[in-house]
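Listed below are the residues making up each chain.
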Amino acid sequence: EAGPPFPPSDFDRPLYATYRLYRRPVGPLDLSFAGRYDAEVDGEGFLTGRVTGVYEIPGWDARLRSSFGSGAKRPTVFQLSYNPGLLPEKSLGADLGIEKDLFDGRLTVSATGFWNKIDDMIDWDFSIPPWGNYNNIAHAETEGIELAASAELLPGILKATASYTYLDAKNLDTGLPLARRAQDTATLGLVYTGITNLETGVIATYVGPRFDDDDATEALDPYTRVDLTADYRVNPNLKVYGRVENLLDAAYQDTGGYNSPGLSGYAGLKWNN
């Protein structure tokens, strides 16, 4: 069966915004205040802001981090070409975490809890005939915890990183999980810098089971993907880079019916003055 056609779109929508950031260190506490105003488009403008704080705990080699803020996102021209009635997405979010250095800084561990409340969340709804369409989820919420660690296994030569995220993402109106958002994700990586001007790395990413639809009936299988990267600095201006994605040629889908690339390789040059 053929998929949804790409509707034509031919219109202009100028966007204007202004942004301001103020940072204020107060002893061991570092505060920042940010605000942004997005000018009116179609009769609506947005004022959003964010407050962050980092507190260096004296004598503990540890830091407390926290933030609270609001956000807004207009539907793109592409999304509006499918559904001209889409509403802008608005959100509130907060997080609180702690980071601790161990073994003279060779190991750093952190834990962060987070919460987001989203109104009129823009999502693809497969239940809209004939092939689905962009739609707004009136009320959604995401919350969870992130754990992370980085370790200098061989200082200046080999570094390891690891992370795990537990995510509870749900539609508050139905009580069902949000589509295509795994409850469990994790990464494990190694970075080698033992050769002058060369940095190579390998990272494995695990994405757990999740649902492909808003009714939580069509499951997507978990998968693990392994990627390789390499950067070589020829001189202060020129860098050669390469990467191999999906090294083990894992078969997976982030969205049902859309296969992801298998084993792939890329190479290129970067130049800066």
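Owing to the predicted nature of the structure, the values given are computational and were not obtained by experimental measurement.

S.K.: Requested: an account of the pattern of salt bridges, with residues and values cited.
M.R.: Charged atoms that come close allow side chains of opposite charge to pair. Under the counting rule described, the total for this entry stands at 17 salt bridges. Glu 56 is paired through a salt bridge with Arg 63; the nearest N and O atoms lie 3.2 Å apart. According to the relative accessible area criterion, Glu 56 is partly exposed, its value standing at 35%. Relative accessible area serves as the criterion here: at 10%, Arg 63 is assigned to the buried category. Linked through salt bridges whose partners overlap, the residues forming this network are Glu 56, Arg 63, Arg 65, Glu 99 and Asp 101.

S.K.: So what's going on with the side chain of Ser 67? Residues and values would help.
M.R.: Tracing the backbone through its elements, the reader meets Ser 67 in strand E4 (residues 62-73). At 3.4 Å, the side chain of Ser 67 forms a polar contact with the side chain of Arg 50. Excluding its chain neighbours within four sequence positions, the residues that come into contact with Ser 67 are Arg 50, Val 51, Thr 52, Gly 93, Ala 94 and Asp 95.

S.K.: Account for unusual backbone geometry, naming residues and giving values.
M.R.: Keep in mind that most residues, glycine aside, have a negative phi and that most peptide bonds are trans. A cis amide bond links Pro 129 to the next residue, Pro 130, at an omega of 0°. Its identity as a non-glycine residue notwithstanding, Asp 120 has a phi of 55°, on the positive side. In this structure, Asp 120 sits in strand E6 (residues 107-125). A residue is classified by how much of its surface remains accessible, and Asp 120, at 23% relative accessible area, is partly exposed. With a phi angle near 60°, Arg 180 is a residue other than glycine that sits in the positive phi range. Secondary-structure assignment places Arg 180 in the loop between strand E8 (158-171) and strand E9 (184-195).

S.K.: Break down empty space enclosed by the protein for me, with residues and values.
M.R.: If you walk through the whole model with that rule in mind, you get 1 cavity of 30 Å³ or more. Considering only enclosed or pocket space, the largest cavity measures out at about 30 Å³ in volume. The wall of the largest cavity is formed by Ile 137, Asn 171, Thr 174, Leu 176, Pro 177, Leu 178 and Asp 214. Partitioning the lining of the largest cavity into residue classes produces 4 nonpolar, 2 polar and 1 charged.

S.K.: Describe the nonpolar core, listing the residues and the values that go with them.
M.R.: Grouped together as the largest cluster of nonpolar side chains are 8 residues: Phe 114, Ile 118, Met 121, Ile 137, Ala 140, Leu 167, Ala 169 and Leu 178. The greatest single-element share of this core, amounting to 3 residues, is contributed by E6. Leu 80, Tyr 82, Ile 122 and Tyr 134 belong to the second largest nonpolar core, which has 6 residues in total.

S.K.: Residue-level account of the confidence of the model for the protein, with values.
M.R.: Here the protein averages 92 in pLDDT, while 95% of its residues score no lower than 70. The lowest-confidence element of the protein is helix H1 (residues 77-82), averaging 88 in pLDDT; the highest-confidence one is E8, averaging 98.

S.K.: Please set out the environment of Gln 183 residue by residue, giving values where relevant.
M.R.: Here Gln 183 shows up in the loop between E8 and E9. Along the backbone, Gln 183 and Phe 46 are 137 residues apart, and their C-alpha atoms lie at a distance of 31 Å. Discounting residues that sit within four places of it in the chain, Gln 183 has contacts with Thr 165, Tyr 166, Leu 167 and Pro 209.

S.K.: If you had to explain the pairing of strand E10 (residues 198-207) to someone new, which residues and values would you point to?
M.R.: Pairing of E9 with E10, which is carried by 9 bridges, proceeds in the antiparallel orientation. Across the sheet, the residue bridging to Gly 189 is Ile 203, located in E10. Counting the residues that bridge the hairpin from E9 to E10 gives 2 residues, and of these Asn 197 lies at a positive phi of roughly 70°. Note: E10 against strand E13 (residues 223-233), 10 bridges, orientation antiparallel. Each residue of the ladder has a partner; that of Val 202, found in E13, is Leu 228.

S.K.: Break down the layout of surface pockets for me, with residues and values.
M.R.: Leftover empty space is mapped by rolling, across the atoms, a probe with the size of a water molecule. Approximately 180 Å³ is the volume attributed to the second largest pocket. For the second largest pocket, the lining is made up of 13 residues, of which Leu 167, Ala 169, Pro 177, Arg 181 and Gln 183 are closest to its centre. If you list the elements that add at least two residues to the lining of the second largest pocket, you get E8 and strand E11 (210-211). Take the lining of the second largest pocket: its biggest share by element is 4 residues, from E8. Class assignment for the residues of the lining of the second largest pocket results in 8 nonpolar, 1 polar and 4 charged.

Conventions adopted
Residues numbered from 1 in each chain as written. Predicted model: local features only at pLDDT ≥ 70, side-chain atom pairs only at ≥ 80, totals over all residues. Heavy atoms only, no water. Salt bridge = Lys/Arg side-chain N within 4 Å of Asp/Glu carboxyl O. Buried < 20%, exposed > 50% of the residue type's maximum accessible area, 1.4 Å probe, protein only. Helix = DSSP H or I, 4+ residues; strand = E, 2+ residues; numbered from the N terminus. Polar contact = N/O pair within 3.5 Å; in protein donor to acceptor, adjacent residues only side chain to side chain. Contact = heavy atoms within 4.5 Å. 1 Å grid on protein atoms, 1.4 Å probe; cavity = no way out; pocket = protein on both sides within 12 Å on 5 of 7 lines; lining within 4 Å. Points joined across faces, edges and corners; volume = space filled by probe spheres on them. Nonpolar A, V, L, I, M, F, W, Y, C, P; charged D, E, K, R; others polar. Core = buried A, V, L, I, M, F, W, Y, C linked by side-chain atoms within 4.5 Å. pLDDT = per-residue confidence, 0-100. Pairing = 2+ DSSP bridges.

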